[in-house]
Structure formats: structure tokens, C-alpha cells
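# Fold and contact review
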Amino acid sequence: MEIGTLYVEELRATMRGRFVFVGAGVILLAVGCVATAGTQDTWLDGYGIIAYFLVPLAFIPLAAVFVASPRANRFVESVFTAPVERRDWLTAKILVGVTIAAAYYMALFPMVLVYTHHVGVPLLLQKLLIWAPCLLLASIAMGTLIGVLFIGESIAAPAATGMGVLLAYAGFVPLQELLVAQGNGATRTGHLTLASPAVLLKNAFGFTLAVGSIPATTARTWISLVAIIGIAFALAVWTFLRAQGVETWEASRSQRWIIALGIIATIVLPVAMADTNYDKPAPHATNAPSIQRLFSRAGSSLALTQPGGQPPARCCSTILNREEWPPFGTDEPTRRDLLVLLPVDSTQPVRDVHLQVTGENGLEATAPPATLAPAPQALETHTYLNDFGPAAADGHHVVTGWVARIPVTLIPTRPWDIGGVRYPLRVTGTYQVAGESAVRSFSARAAIDAQVSKAIYEMGVATLILPLLCFGAAFKRWRETR
């Protein structure tokens, strides 16, 4: 009953600040803007790293300041002298931090619902949804310990320490991925990265962000993870209750050693104990199909233009609609002219051209049959600048070459993300050059960029709901207190 009463009062006090709703609205609006902007590219990777990784780690300095601020403003004196148990007050304080973390986590669901409506729930999203709350809990544990350890009239020290720990934990994640990709995950540096709870959680849940290997076993990782979170919470509570007074430390020599060893244990235990046998192939993180590499420094022998339009000035990218905005909409027909750049100089006549256009991985590409076998007089010519023309049979780059124009209708289907979805497009065929008896073959491969057209509007609406409610509550409070 006492803890419940203190929890309710602490939560009310936390939300009683004049600008607290403004701050909450700004944070949610920032995360929402990232979510909306991310619909133009691979949403899950970019947005997921920010919303489910970086922001949860920010609860380390937040929790540190939240716990340390009563000492800085001398409110804690009333806790030590009032007829309430100090452990009840600290427990209520921690529960308020957990409540704020839970509120942030729930605020992410409108964006997730938009994504899952169009794409489903790929493995990486499943992992992120369980990674984030565990990371929030670990961040609150570390932040609480930092906030308890600093006694002073300023929150600068716990805030700075929390930010330093945040940067270390965040930096260890890409470092660990890089080391694993290079086969050095079990080295001393690889073990050092396991000091980050984010790395431990990633290994324990069996997923990666960029590499193809995960630990074959996770038992010791789980033990290390539970141990450091438990040590952090237990050490924070014990230090607050047994080793500190109102304004100063009251720890004995043995108590100081216990605190020092506890802090060292939160660092050394996972480094020495967690699993580093990165021998298991990582599961496929998304629903994206396996796509053969498309990018080449030599560019592509294909180009895409508006009907009757000219080739792009920078010809020719392997992403055919790179310069168009917006990208093609999924499940919507888009009509364009596909230009096939034959590697033949315009001084050599070409005949018997037969082409075939094929979309891959859900891209439907259709063209009138007559345009797939153009007559010689239907071919066009194009002059390439800066030696960017296709390579002829003898190796030199064509300066002015033949171009076959094919009107195509493209329908991207079955998207595996709401933006930045690239569908391969293949063109094969044969043709004959005047004066040659042999038939030459042609094969080129490129891709188009597509997105779920209405997702950006749906995401924008979803991300505005909670920030607007926060700003409305802030305006109401301002009207009442001005």
C-alpha cells in the first residue's frame, strides 16, 4: 500500500511539470518524423535502430538524472526524515521510470501497425519488439545505479556519466558486428563488446543487424545478462539504503569494496562469461527475396524514360528510376519506355533484333509483342558523353550507338518493405550486325525502386496522434497555470 501510494504521488509529481508534455511531444514527434521519412527507404533497418535501440539506451542518463535530482534539489532530505521507508520511496521511483519506459514503448505501436498492415511481421521486427523492452529495463537498471552513486548539488555528474555509458554501449554494437563479420568475434576486443547489454541481448535473442553469424549457444549469455541487471538493481538499492546518508557517504571500508566489486562485476562478468562461438548462420532478417547483385561501376545497358522521353543525362544507373520522384507505387501500373542500349556503333547497321523483358521477385513487366522485335528503321541512336557508352565487341566504348525503345508496363507486387524496395528487371535477346554471319546475344540486368504509395500518408497520421495529444495537454496546462 505504501509503495503504491508513493508510486502514484511520484508519477503525478513527474507529470506535474509545466513543460513535461511539451518534452514528451517533441520526443514522440522526432521519432515519428524518422518513421515517416523512413518510408522512402528501407524502413525497418533505419527506423528500428533509432526507435528500438538508441532511444531505449537514452534511458540510462534519463534514469540517472531522475534518481539523482532529489539529492540535488534537497528533496531527498524529506525522504530520510519522513515516516516512510526509504526502500519504498526508491522502489516507487524505479517503478515510475519503468512506467515512462513502457509509455514510450507503447507509443511506437501506431507506426508498427502501419508497417505490419502492408508488409507483415518479418523476423527482424519480431526481435526488435522484444529487444527494446529488455533494453529499456537494462538501461533503467544502469541509470538507477549511476544516479544513486552520485551525491551532490548538481545533476551534471550523473548526466555526463550516463551519457558516457550510453555512448560506450551504443558504440559496442557496430564494433561487435564488424568484428564478427571479420571472423574476430572471439578475440579480446570481441569479448570487450559484450560489456554492452545491447550486444548481449542481440546475441541472446539470436539475430544480427548486418552480419551473417550468431552464437551457436546462448545459455551463458542469458546468465550474464540477468546477472548484470540484477547486480545493478541490487547494488543501487543496497547502496542507497546502507551506505549513504542524507547528503554524504556513510560507507565503511568493506562497504566501499562491495560497491567497487559490484561495479566491476557488471563489466567483467559478461566479458569473461558470455558466449562468443559465432558459428551459427543468422536467420533471414526480413521477407526480402535473395537478389543477385545489381550494382556495377560500369553502369547498366538499360534506361527508363517517360513515354517518348530522352535518356537521362547521367546514363545509365543500375536503378533505372533513381532520378524520378516519387518512386513507383507498389500494386500500381506504371508506363514507361525502356531503352535497350545495344553495344554497336551507329555506323554498323543492325537487324533481326529480338528482345525479351522479364521482371523478377514480384515485378510484372509487360510490353507489346511488336516492340520486342523492332525493325531496323525503328531503332534510335544516342550519343554518350564522357566515354560512358556500352563496351563494343572489340572492347572500346561506343560513342554513338543503337537504342531499341520498348514501351513497358511495370507493376511491382508483394513488397517486403514500405519503401526502398528494389525489383530486378532483366532484358535478354539477340541481334545481328550487318556483314556478320554470327548472331550476337544481349543480356542486361537492372532494377526499379518502388514503395507503398499511401504508406507515407498513413505513417504521417499515425505519428501525429500522440504528439498532438501531448501538445494539447501542454496547452491546456499552460492556460490553467499562466
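See the structure above.
Quick look at the structure, then. (Residues numbered from 1 in each chain as written. Predicted model: local features only at pLDDT ≥ 70, side-chain atom pairs only at ≥ 80, totals over all residues. Heavy atoms only, no water.)

## Some remarks on the overall build of the protein
Assigned secondary structure in the protein consists of 14 helices and eleven strands. Taking the principal axes of the C-alpha coordinates as reference, the protein spans close to 100 × 60 × 35 Å. Looking at the protein as a whole, 47% of its 482 residues qualify as buried. Within the protein, contacts between residues separated by at least 24 positions form 79% of all contacts whose residues are at least 6 apart in sequence. Total accessible area on the protein is roughly 23,000 Å²; 62% of this is exposed by carbon and sulfur atoms. With 34 positive and 31 negative side-chain charges, the protein shows a separation of 7 Å between the mean positions of the two kinds. (Helix = DSSP H or I, 4+ residues; strand = E, 2+ residues; numbered from the N terminus. Buried < 20%, exposed > 50% of the residue type's maximum accessible area, 1.4 Å probe, protein only. Contact = heavy atoms within 4.5 Å. Areas by Shrake-Rupley, 256 points an atom, 1.4 Å probe, with all protein chains shown as cover. Lys, Arg positive; Asp, Glu negative; His and termini not counted. Charge placed at Lys NZ, Arg CZ, Asp CG, Glu CD.)

## Concerning the pattern of salt bridges
Applying the stated criterion across every chain yields a total of eleven salt bridges. For Asp352, the salt bridge goes to Arg351, with nearest N and O atoms at 3.2 Å. Looking at Asp352, the relative accessible area reads 42%, which means it is partly exposed. A relative accessible area of 36% places Arg351 in the partly exposed class. The partner of Glu436 in a salt bridge is Arg440, and the shortest N-O contact between them spans 2.7 Å. Arg440 sits in the buried class, given a relative accessible area of 19%. If you follow the salt bridges from partner to partner, you end up with Asp337, Glu380 and Arg405 in one network. (Salt bridge = Lys/Arg side-chain N within 4 Å of Asp/Glu carboxyl O.)

## What to know about the layout of surface pockets
Computed from the structure, the largest pocket encloses a volume of approximately 930 Å³. What lines the largest pocket is a set of 32 residues, and nearest its centre among them are Met15, Val20, Ala24, Leu62 and Ile100. By residue number, the principal contributor to the lining of the largest pocket is helix H6 (residues 86-107), which donates eight residues. A per-class count over the lining of the largest pocket returns 24 nonpolar, six polar and two charged. (1 Å grid on protein atoms, 1.4 Å probe; cavity = no way out; pocket = protein on both sides within 12 Å on 5 of 7 lines; lining within 4 Å. Points joined across faces, edges and corners; volume = space filled by probe spheres on them. Nonpolar A, V, L, I, M, F, W, Y, C, P; charged D, E, K, R; others polar.)

Function cannot be read off these values alone, since they describe shape.
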